[in-house]
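Examination of the molecular architecture
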Amino acid sequence: MNNAVEKKLALTHLWVAFGAFALAAVMGLYQVVERSGFFGFLASREVYYASVSTHGVLMGFVLTTFFIMGFGYYVATSSLKLPVWNKTFAWTGFGVALAGVVMAALPLLGGAASVLYTFYPPMKAHPMFYIGATLLVVGSWFWCVSMIVMYVQWKKANPGQPVPLVMFATTANAILWLWTSAGVALEVLFQLIPWALGWVDTIDDGLARTLFAWTLHPIVYFWLIPSYTAFYCLVPKQAGGFLFSDEMARAAFILLVVFSLPIGFHHLYMDPEQGHGWKLLHGVGTFIVTLPTFITGFTVIASLEIAGRLNGGKGLFGWIAALPWTNPMVLAMILGLLMLILGGFGGLINASYAMNAMVHNTAWVPGHFHLIFGGTTIIMYFGIAYYFWPVLSGKPLFCKSLALTQLWTWFIGMMIMTTPWHILGLLGQPRRIDSVNYNNLLTLSWEPYEATMIFGGAILLYSSGLLIYNLYKTQIGTETYQGEVEYAEPIHAPTDLPEYLNSFKVWNIVIAVFMLIAFGYPILQFFLMETFGSGRWGV
Amino acid sequence: MHIDQLEKKWASISLGIAGLFVAVILTSALFHGIHAPSNVETIDSARLHLSEEFAEDNLGPQRNPDGGITVRMVAGRYGFYPKTMTLPAETNLTFRWVSLDVIHGVHIPMTNMSTMIVPGYVAQVKTVLHHTGDYPLLCNEYCGMGHAHMWSNVKVVTKSDWDDMNKPAGVSHE
Ligand SMILES: [Cu+2]
């Protein structure tokens, strides 16, 4: 099929994603250097907090959203063998999202939106920041609609057939994102924008935080699902083998979508506006959502083992050595899994109802999410990029060994940067500080860790540079490349798939019920009790 | 539909692991009363000085009839009030926090004294401090440009030292 238009659509999204990434990576190094306090001339809290806010928005919202959209458009057309539904509609979504990013960038870079990317009121940013962020989300909804429409089109044309797993996962993510973004959309539309524009005088911070918590955990799965999709649908083939189980993969994606939504309260464990019964309920739910990750770990490692043995690996661990370590996507997954194991352990501590108090809002938390998100999730984005760029641009990858160096340096840099961060958290360093002013013996012990982090940050920036250089050189190359992405085959092709593993109808109802149980009264309570709003505070 | 035996086994092992964590948390919460700090109680941040409880002369530690101590503090950009405080070790402490302005967070390093302080709500934490010494009290939620300058000092002394320091006036030392 001729899918040149779709390839251009996907590639344009991915360039915006990695452009945002490159800019944010530079800010990341600046931030570790500034906060160490070793270079006095760099000290500026205004620049620091503007930079942290922009870094977070670019990495967490822009890189991820555009990457997921670009990835989804290509996956949908190539796996379903259908043209993108309504190309004008898709490009409109792109335009709306990009306009939002530009709108939000102006106050961010000017220091008028230094409220960090979690934008908790009553600290108020320029209204353009909130409107821009909203447009980014609205633009992404265009993509969700496209994915769901294409999924339905294919199902109608192929009744009773299992939807290709890669598209099943992508549609799961679109559905997850519509549910997830509803919380923050309610907060921004009904609370932040009217209040920032001065239409209402006060804002209920407790309600705002609760609505944000609705979004705050599943958004992490929205970012992670493309990486998991690559684990299941791309890596086994790249490694020279087969997917261990198609059905369990579907089950894992469904579990992620259904259970990541009603558990957002663990971000509010230390908050006063919710009672402990609700926190405990969400705490239990949080452990249920470890199940799909356990299943994923097992299935993808089993798939790797099959590949390793097919490549001639013998003995208990011989298959590991027999894996194609020089295939960028396989290497990305191996390194990603290593970081997932370490980061997952930290996550269990965060999620534990009572242990959380020790590490809440300390440097442990950014250490943890840089390992899991900046590590596991993003390294798979790199792996996907190396595989997709030649296909999308029609040019061969500029340099494979450079790609491998980039992945290794990213892994090493992340380990060097996040280990001291975790330790600083245990030593009590608060998160998000631009300098250390506490006149206390304890804080002297923080310094060697700050120095190590600068080293890690420098390696990460170097690694980011390698990625962009390689993609850019690929893009401007003169040779041509022809080929499509190939998806992994399961050992047993799914036959007589029950409808609940091939459709989301019943799951949407389940989610609606869970959401009502988990968030119904906790949101309603703000309208039942007497609450006192806050005014507007600058930063 | 085909699901491998191994996969089934692993799924039940995973369920077991998650179940174990849940059991530990439920046991400590339901039988030992170990909870995240939660106490849904609203207050008007704009009128703290006029409230009975958080008027300026009521801040700091106060002894309860049951022998425990309630510590009332106000957080505002960029400090905690009162700025310095002495507290006894091995005593039931109830911290009650309110914010004058934006969201703050507070913790004492290497203890489980930690809470968010959201304007409009009273945050309450019950804890016991086990070690004596000087501790910084740190703001851990970004609250504006001065966030890194927001801290106070807490001195933890032994219970008997604290009792000596806080004898009601006019009682002789015999
Ligand atoms: Cu503060």
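Our structure's up above, just so we're on the same page.
Report follows, based on the coordinates. (Residues numbered from 1 in each chain as written. Chains lettered and ligands numbered in written order. Predicted model: local features only at pLDDT ≥ 70, side-chain atom pairs only at ≥ 80, totals over all residues. Heavy atoms only, no water.)

Comments concerning the coordination of the copper ion
- Within the first shell, the copper ion binds the protein through His104 of chain B (ND1), Cys139 of chain B (SG), Cys143 of chain B (SG) and Met150 of chain B (SD), at distances of 2.1 to 2.3 Å.
- What the four donor atoms of the copper ion show is an angle range of 95 to 122° at the metal, which sorts the shape as tetrahedral. (Donors = N, O, S within 2.8 Å, 3.2 Å for Na, K, Ca; no water. Tetrahedral: all angles 85-135°; square planar, octahedral: opposite > 155°, others 65-115°.)

Quick notes on the nonpolar core
- Counting 222 residues, the largest nonpolar core has Phe18 of chain A together with Trp97 of chain B as its most contacted members.
- Counting residues per element, this core draws most heavily on helix H2 (residues 45–80) of chain A, at 19 residues.
- Each of domain 1 (1–34) and domain 2 (45–165) of chain B accounts for three or more of the residues forming this core.
- If you look at the next biggest cluster of nonpolar residues, it comprises seven residues, including Leu59, Val74, Val98 and Val122 of chain B. (Core = buried A, V, L, I, M, F, W, Y, C linked by side-chain atoms within 4.5 Å. Buried < 20%, exposed > 50% of the residue type's maximum accessible area, 1.4 Å probe, protein only. Helix = DSSP H or I, 4+ residues; strand = E, 2+ residues; numbered from the N terminus. Domains from an automatic or database assignment.)

Thoughts on the pattern of salt bridges
Residue and element names in this part refer to chain B.
- For the structure shown, the criterion picks out 15 salt bridges over all chains.
- A salt bridge links aspartate 134 to lysine 155; the nearest nitrogen and oxygen atoms lie 3.7 Å apart. Here aspartate 134, found in strand S9 (residues 133–139), pairs with lysine 155, found in strand S10 (residues 151–157); they are 21 residues apart in sequence, far enough to count as distant.
- Lysine 155 gets classed as partly exposed once you look at its relative accessible area, which sits at 41%.
- Salt bridges sharing partners connect three or more residues here, namely Glu41, Glu53, Arg72 and Arg96. (Salt bridge = Lys/Arg side-chain N within 4 Å of Asp/Glu carboxyl O.)

As for the sheet that holds strand S6 (residues 104–107) of chain B
All names here are of chain B.
- Overall, mixed pairing links the five strands, which are arranged S4-S10-S9-S6-S7 in an open sheet. Only two strands of the sheet have a single partner each, and these edge strands are strand S4 (84–88) and strand S7 (114–117). For this sheet, the mean angle separating the axes of adjacent strands, direction not counted, is 25°.
- Relative to S10, S4 is paired through five bridges, and the arrangement is parallel. (Pairing = 2+ DSSP bridges. Axes fitted to C-alpha atoms, helices over the stretch in contact; angles between N-to-C directions.)

Focus on empty space enclosed by the protein
- If you walk through the whole model with that rule in mind, you get three cavities of 30 Å³ or more.
- Of the voids in this model, the largest cavity is the one considered here, and its volume is about 80 Å³.
- For the lining of the largest cavity, a count of residues per class yields eight nonpolar, one polar and two charged. (1 Å grid on protein atoms, 1.4 Å probe; cavity = no way out; pocket = protein on both sides within 12 Å on 5 of 7 lines; lining within 4 Å. Points joined across faces, edges and corners; volume = space filled by probe spheres on them. Nonpolar A, V, L, I, M, F, W, Y, C, P; charged D, E, K, R; others polar.)

What about the interface of chain B and chain A?
- Contacts between the two partners involve 65 residues from chain B, matched on the other side by 77 residues from chain A.
- Where chain B abuts chain A, roughly 6000 Å² becomes buried across the two surfaces, and 68% of that area is made up of carbon and sulfur atoms.
- Looking only at chain B, the three residues that lose the most surface to chain A are Met1, Tyr142 and Met145 of chain B, adding up to 13% of its buried area.
- The interface formed by chain B and chain A contains one salt bridge.
- Residues glutamate 141 of chain B and arginine 432 of chain A are paired through a salt bridge, measuring 2.7 Å at the closest nitrogen-oxygen approach.
- The tally of links between chain B and chain A comes to 16 residue pairs in polar contact (both at pLDDT 80 or more).
- Ranked by residue count, the leading element in the side of chain B that touches chain A is helix H1 (residues 5–30) of chain B, at 14 residues. (Contact = heavy atoms within 4.5 Å. Buried area = accessible area lost by both parts, 1.4 Å probe. Polar contact = N/O pair within 3.5 Å; in protein donor to acceptor, adjacent residues only side chain to side chain.)

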